[in-house]
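Topology and contacts: notes
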Amino acid sequence: MSDMVLFQLTALALLAIGLFGMLSRRSLVGMLICVELMLNGAGLSIVSASQFSGTGEALGQAAALLVMGLAAAEATLVLVIILVVAKRFGNAESSAVSILKG
Amino acid sequence: MTNQLVVQISFAIYALLIVGGGLWAVLDKSLIRALVGLILTLFGVAGMYLLMAAPLIALMQLLIYVGAVVVLIFFAIMLTRAPAGGEECDKPDVRQLILALLGALAPAAALGFAIHKYAKAAREVASEIAPAVLGKVFLEPYVLAFELISVVLFVAMAGAVLLGFERRRAK
């Protein structure tokens, strides 16, 4: 196995762990943590692919930085959404916001 | 060659940090301890960036994730007043856990097969690039993406402030 495959498998493990947590966690904060895990896996995969394939290392690293910026923006918004949900529904669990008003 | 051995050992340590921290973050009942697991994972990923000869990304990983995102999540835990034992104290639903495991393993298996079959590295040693090259990428061909990410960040922050104020006014 080449080095790149090892790095990609680690990123894949992060994706699988994050997906599992996303599906099994009940609190919104726990789900946010799982999203961060998956985004880390994505960054790791992008950087390892560009570092070991010889197609523009700078491009891959720039993409990883963009992923980090998006993750920071997403974390900010999700924090406020969790705060609003906690304020309106009394707790920050995904089951609290599962009923639509219609 | 001892150099190779050091790299292999540190890769194993970082992989252990990533997988162990990830499992801890996903399985622990207390959200604070789950956050500690996430921090372990973030450090492991930063170490992997170092191994891949991308020290700037490793530094940014520590600055942005451990410095900012983790603090944000900590605030989220603190401000939602999670009960001391965590919100996931009630008995886990075994059926839901099994379904979650299946849902996580299905895409992982497909992607793992693709990696096993198609991922071929063109070279074995990653080369380090100077930060100046990265800066040129951001300021010359990809300046639009660079500016857009700052707009996205600004909109996210402004939206956060707006939502926060609305919450207070509604009270």
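Scroll up to find the structure.
First, a word on what this report is: a plain description of the structure on this page. Note that this is a predicted model, so its numbers are computed, not measured. (Residues numbered from 1 in each chain as written. Chains lettered and ligands numbered in written order. Predicted model: local features only at pLDDT ≥ 70, side-chain atom pairs only at ≥ 80, totals over all residues. Heavy atoms only, no water.)

1. Description of the overall build of chain A
Summing up its helical and strand segments, chain A has 3 helices and 0 strands in all. Sequence-ordered secondary structure for chain A, helices as α and strands as β, is α-α-α. Rg of the C-alpha trace for chain A: 17 Å, well past the compact-globule value of 13 Å for 102 residues, more than 25% over. Within chain A, buried positions represent 60% of all 102 residues. When contacts within chain A are restricted to residue pairs at least 6 apart in sequence, those whose partners lie at least 24 apart make up 54%. Accessible surface, chain A as shown: approximately 3800 Å² in total, 70% of it carbon and sulfur. Across chain A, the mean location of the 5 positive side-chain charges is 25 Å away from that of the 5 negative side-chain charges. (Helix = DSSP H or I, 4+ residues; strand = E, 2+ residues; numbered from the N terminus. Rg over C-alpha atoms; globule rule 2.2 N^0.38 Å. Buried < 20%, exposed > 50% of the residue type's maximum accessible area, 1.4 Å probe, protein only. Contact = heavy atoms within 4.5 Å. Areas by Shrake-Rupley, 256 points an atom, 1.4 Å probe, with all protein chains shown as cover. Lys, Arg positive; Asp, Glu negative; His and termini not counted. Charge placed at Lys NZ, Arg CZ, Asp CG, Glu CD.)

2. Some details on the pattern of salt bridges
Where charged atoms from two side chains of opposite charge come close, those side chains can pair. Residue and element names in this part refer to chain B. With the rule as written, the count across this model stands at 1 salt bridge over all chains. In this structure, Arg33 engages Asp28 in a salt bridge whose closest nitrogen and oxygen atoms are separated by 3.6 Å. For Asp28, a relative accessible area of 15% gives the class buried. (Salt bridge = Lys/Arg side-chain N within 4 Å of Asp/Glu carboxyl O.)

3. Focus on the side chain of Thr76 of chain A
Mapped onto the fold, Thr76 of chain A is located in helix α3 (residues 57-89). A residue is classified by how much of its surface remains accessible, and Thr76 of chain A, at 8% relative accessible area, is buried.

4. Overview of the interface of chain B and chain A
Taken together, the contact pairs 79 residues of chain B with 67 residues of chain A. At the boundary of chain B with chain A, total buried surface from both sides reaches about 6600 Å², with 75% on carbon and sulfur atoms. Run the count over chain B and chain A and you get 0 salt bridges. Where chain B touches chain A, the interface holds 9 residue pairs in polar contact (both at pLDDT 80 or more). (Buried area = accessible area lost by both parts, 1.4 Å probe. Polar contact = N/O pair within 3.5 Å; in protein donor to acceptor, adjacent residues only side chain to side chain.)

5. Structural notes on the layout of surface pockets
Take a probe with the size of a water molecule and roll it over the atoms, and the empty space left behind shows itself. Empty space within the largest pocket amounts to approximately 450 Å³. Contributing to the lining of the largest pocket are 15 residues, with Asp3 of chain A together with Gln4, Val7, Leu51 and Glu124 of chain B lying nearest its centre. Counting only elements with at least two residues in the lining of the largest pocket, the list comes to α1 (3-24) of chain A together with α1 (2-27) of chain B. Of all the elements, α1 of chain B adds the most residues to the lining of the largest pocket, at 5 residues. (1 Å grid on protein atoms, 1.4 Å probe; cavity = no way out; pocket = protein on both sides within 12 Å on 5 of 7 lines; lining within 4 Å. Points joined across faces, edges and corners; volume = space filled by probe spheres on them.)

6. Looking at the packing of α1 of chain B against helix α2 (residues 31-51) of chain B
Residue and element names in this part refer to chain B. At a minimum axis distance of 7 Å, the contact between α1 and α2 shows a crossing angle of 155°. Of the possible angle classes, the one that applies to α1 and α2 is roughly antiparallel. In this structure, α1 crosses over α2, and the sense of that crossing is left-handed. Between α1, through Val7, Ser10, Phe11, Tyr14, Ala15, Leu17, Ile18, Gly21, Gly22, Trp24 and Ala25, and α2, the contact on the second element is made entirely by Arg33, Ala34, Val36, Gly37, Leu38, Leu40, Thr41, Gly44, Val45, Gly47, Met48 and Leu51. Across the contact of α1 with α2, the residue classes break down as 15 nonpolar, 7 polar and 1 charged. (Axes fitted to C-alpha atoms, helices over the stretch in contact; angles between N-to-C directions. Parallel < 35°, antiparallel > 145°, perpendicular 65-115°, else oblique. Left-handed = near helix turned anticlockwise from the far one by under 90°. Nonpolar A, V, L, I, M, F, W, Y, C, P; charged D, E, K, R; others polar.)

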